[in-house]
Amino acid sequence: MKRHLICAIALAVALAPPIRADVRLHPLFTDHMVLQRATLIPVWGTADPGETVVVRLQRQTPDWIESSVGEAVADGDGRWRIHLPLPRSFGPYTMTVTGKNTVTLEDVMVGEVWICSGQSNMEWPLRATFQPDAAVSQSANPMIRLFTVQRAAVPTPQTTLRSDGWKVCGPETVRPFSAVAYYFGRDLQSALQMPIGLIHTSWGGTPAQAWTSQPALDAVPALQHYHANWKRVVERFDPARMQSDYEAALKKWEADAEKARAEGKPAPNRPRAPVPPTQSPSAPSTLYNGMIAPLVPYSFRGAIWYQGESNAGAAYEYRTLFPTMIEDWRRQWGRPFPFLLVQLAPFRKINPNPMDSDWAELREAQLLATRVLPDVGMAVITDVGDENDIHPGKKEPVGARLALLARRIAYHQPIVADGPTYRSMFVDGNRIVLCFDNIGSGLECRGDKLTGFTIAGADRKFVNAEAEIRGNTVVVHSPEVEKPVAVRFGWAHYPVVNLWNRDGLPASPFRTDDWPGVTAPKPGK
């Protein structure tokens, strides 16, 4: 009897209809999304292998029907992709995806899409910024849409992601959203008068190598150490020991917390649960794998980036790493899209004396990226730092300056979008004369006299200097240096500087010398 029952079950399984895989869209495609205009629109997802999938983007008015249609057949792995023809208007559209089932998305807009990435200063939510209430209360704008990629650090490139989907911008949705990204999108939407989609994908405290793919890092000899070292860490990793150490730390914390409560003292911080090295957000390529790769090939105009604090200790290497990351992203999408970055804000104790600074060297590496790669812009924010907080609260000027750069670089508007940047120098007796690009309507001192300039002779010993604007140049001197050879400006952790152009943009810190800094490779290494 038992044998007959087993045979009957096996026959029933064999004769049962195959399980159907419904047509599914990639998580980037939801209600309220923004599709990039002026290009073919890639739409993709999964279905049964061999299943025909039809995507229709349609908008109906009282006078006519506008429709874009594409068709594809799912491959052997069930993946399909369609490139829709360019729609003629901003929307809203309805997207209908039909296979063996139908998926319908409403309120789809066509406009300008930007990726917004980096570490904590990009991640920083609007609700936690300086005086956010007015911005939040005035944020309702159906022409701005917000999408946040949930955190994911993984060892291999992914094709999907986790998110709550696209949200229409308003007080409830914008409060937890990236403040820099919001202010950027707000100003850009006001200038362009078209829908703006912001894809926010960032993680605080993370380095640039985590956002760069393994093939890109391994292709550069100076960066091959990242995955070579990481491989050794993974090979030595002992999960049992990690868990044992954590449990011991937790037990000690419980005892210390109980003792603190008995003595009326604050309890110590609870130890964090350990993370395997393959899931560390600081490990090379893990954030590219989990938070950038899944966005490919979604069409967008450009990217904004606020990161660098976690790489300041290796600022000289950042000269290579950062352009490598930018080129890596551009290669993944197959085009040199505009890439706009934020130079590090002033931070740490103000020191009035000339000094070496890894943060100054990181700012220099960021500036150099704009010179070695096309369509890379940099927002200078020397005026909105916080001596005691690595997360300065004033994010509105940051977003505003990124929007200016986007208007000039991505949309070719004839506007001034940069502050003064150093071009060249010459020695005039005991003085050095500095020449600048991006002077706009002219150079300006915001204060009684220029600050932040230092000067040195052949001995390479910098002293604070006097500086004054003469026409479109700045003349620098010090009675302590009779034969000057080099000038530095804003070369400090917390630069106190006031050179601007009359168009309202501050000058970038710089140096005229190329002497080895504190993060430069040591001879023989």
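In this report, the structure presented in the accompanying data block is examined. In this text, all values refer to a predicted model and were calculated from it rather than measured experimentally.

### A word on the overall build of the protein
- Along its length, the protein carries 12 helices and 25 strands.
- A principal-axis box enclosing the C-alpha atoms of the protein has dimensions of 105 × 70 × 50 Å.
- Counting across all 525 residues of the protein, residues that qualify as buried make up 50%.
- By sequence separation, contacts in the protein at least 24 residues apart represent 74% of the contacts at least 6 residues apart.

### Here's the deal with the layout of surface pockets
- In this structure, the largest pocket encloses a volume near 530 Å³.
- The wall of the largest pocket is formed by 28 residues, among which P352, N353, P354, T454 and N464 lie closest to the centre.
- If you list the elements that add at least two residues to the lining of the largest pocket, you get β18 (453-456) and β20 (466-470).
- A class-by-class count of the residues in the lining of the largest pocket yields 16 nonpolar, seven polar and five charged.

### Section: unusual backbone geometry
- A cis geometry characterises the amide bond from G91 onward to P92, with omega recorded as 10°.
- Position of P92 among the secondary structure elements: in the loop between β6 (79-84) and β7 (93-98).
- Omega for the bond connecting V296 with P297 falls within 30 degrees of zero, at 10°, which places this linkage in the cis form.
- Relative to the helices and strands, P297 is located in the loop between α9 (286-292) and β12 (302-306).

### Details of empty space enclosed by the protein
- Using the criterion set out here, one finds one cavity of 30 Å³ or more in the structure.
- Taken as a whole, the largest cavity holds about 50 Å³ of empty space.
- What lines the largest cavity is M378, A379, V380, R401, A417, D418, G419, L505 and P506.
- Among the secondary structure elements, those contributing two or more residues to the lining of the largest cavity are β14 (376-379) and β24 (505-506).
- Looking at side-chain class alone, the lining of the largest cavity contains six nonpolar, one polar and two charged residues.

### Examining the packing of aromatic side chains
- Scanning all chains against the criterion turns up 23 aromatic pairs.
- Taking the centre distance of 4.6 Å and the plane angle of 40° together, the rings of F453 and F489 count as tilted. Of the two residues, F453 is situated in strand β18 and F489 in strand β22 (residues 486-489); the sequence distance between them amounts to 36 residues. For the pair formed by F453 and F489, the shared burial category is buried.

### Details of the pairing of β7
- The alternating pattern of β7 places Y93, M95 and V97 on a buried face, while none of T94, T96 and T98, on the opposite face, is buried.
- Here β7 pairs with strand β8 (residues 102-118) via five bridges, running antiparallel. The residue of β8 that forms the bridge with T98 is T102.
- Between the antiparallel neighbours β7 and β8 lie three residues.

### Thoughts on the nonpolar core
- In terms of nonpolar packing, the biggest core is built from 74 residues, with W80 and M95 touching the most fellow members.
- Top element by residues in this core is helix α10 (residues 315-333). It accounts for eight residues.
- If you look at the next biggest cluster of nonpolar residues, it comprises 39 residues, including A135, C169, A345 and L405.

### Things to note about the sheet that holds strand β21 (residues 473-477)
- Ordered in space as β15-β16-β21-β20, the four strands form an open sheet in which the pairing is antiparallel. Strands at the two margins of the open sheet, each flanked by one partner only, are β15 (421-428) and β20. Ignoring which end each strand starts from, the neighbouring axes of this sheet average 25° apart.
- Where β15 lies against strand β16 (residues 431-437), seven bridges are found, and the strand directions are antiparallel.

### Focus on the sheet that holds strand β25 (residues 510-511)
- The four strands lie next to each other as β19-β18-β22-β25, forming an open sheet whose pairing is antiparallel. The open sheet has two edge strands with one neighbour each: β19 (463-464) and β25.
- Across four bridges, the pairing between β18 and β22 is antiparallel. By the bridge assignment, I455 is partnered in β22 with V487.

### Observations concerning the pattern of salt bridges
- Counted by the stated rule, this structure contains 24 salt bridges.
- Between E112 and R301 there is a salt bridge; the shortest N-O distance is 2.7 Å. A residue pair is termed long-range when its members are at least 10 positions apart, and E112 in strand β8 and R301 in the loop between α9 and β12 qualify at 189 residues.
- Judged by relative accessible area, which is 22%, R301 ranks as partly exposed.
- When the shortest N-O distance is used, the salt bridge between R511 and E364 registers 2.8 Å. Linking R511 in strand β25 with E364 in helix α11 (residues 358-372), this pair joins segments that are 147 residues apart in sequence. Comparing R511 with E364, the two get one shared label, buried.

### Notes on helix α8 (residues 239-262)
- Its 24 residues place the ends of α8 35 Å apart at the C-alpha level, agreeing with the 34 Å of an ideal helix rising 1.5 Å per residue.
- Within the sequence span of α8, burial applies to Y246, L250, W253, A257 and A260.
- Its side-chain oxygen 3.1 Å from the backbone nitrogen of A240, D238 forms the N-cap of α8.
- Just downstream of α8 lies G264, where phi reads positive at about 70°.

Rules used in this analysis
- Counting starts from 1 at the beginning of each chain's written sequence and moves along it residue by residue.
- For a predicted model such as this one, the threshold for reporting local features is a pLDDT of at least 70, and the threshold for listing and counting side-chain atom pairs is 80 or more; totals across whole chains, interfaces and linings nevertheless cover every residue.
- With hydrogens and water set aside, each side-chain value is computed from the structure's full complement of heavy atoms.
- In DSSP terms, a helix is any run of H or I states spanning at least four residues, a strand is any run of E spanning at least two, and both are numbered starting from the N terminus.
- Exposure categories follow from relative accessible area, calculated using a 1.4 Å probe and restricted to protein chains: below 20% of the type maximum is buried, above 50% is exposed, and the middle band is partly exposed.
- Note on contacts: a residue pair is in contact if any heavy atoms of the two residues lie within 4.5 Å.
- A cavity here means a set of 1 Å grid points, computed over protein atoms only, where a 1.4 Å probe fits but cannot escape. A pocket is an open set with protein on both sides within 12 Å along at least 5 of 7 lines, and lining residues have an atom within 4 Å of a point.
- Grid points are joined across faces, edges and corners, and a volume is the space filled by probe spheres set on the points.
- We call Asp, Glu, Lys and Arg charged. Ala, Val, Leu, Ile, Met, Phe, Trp, Tyr, Cys and Pro are nonpolar, and the rest, Gly among them, are polar.
- Under the pairing criterion, centres of Phe, Tyr and Trp rings, with the six-membered ring standing for Trp, must be within 6.5 Å; the plane angle then separates stacked pairs below 30 degrees from edge-to-face pairs above 60, leaving the rest tilted.
- DSSP-based pairing: two strands are paired if at least 2 bridges between them are found.
- Here, nonpolar core refers to any group of buried Ala, Val, Leu, Ile, Met, Phe, Trp, Tyr and Cys residues whose side-chain atoms link them within 4.5 Å.
- With axes taken as lines fitted to C-alpha atoms, and helix axes fitted only over the stretch in contact, angles between N-to-C directions fall between 0 and 180 degrees.
- Salt bridges, as used here, are contacts in which a Lys or Arg side-chain nitrogen is within 4 Å of a carboxyl oxygen on Asp or Glu.
- The length a helix should cover is 1.5 Å for every residue beyond the first.
- Polar contact is defined as a pair of N or O atoms within 3.5 Å, subject to the rule that within protein one atom must be able to donate a hydrogen and the other to accept it, and that residues adjacent in sequence are counted only when both atoms are side-chain atoms.

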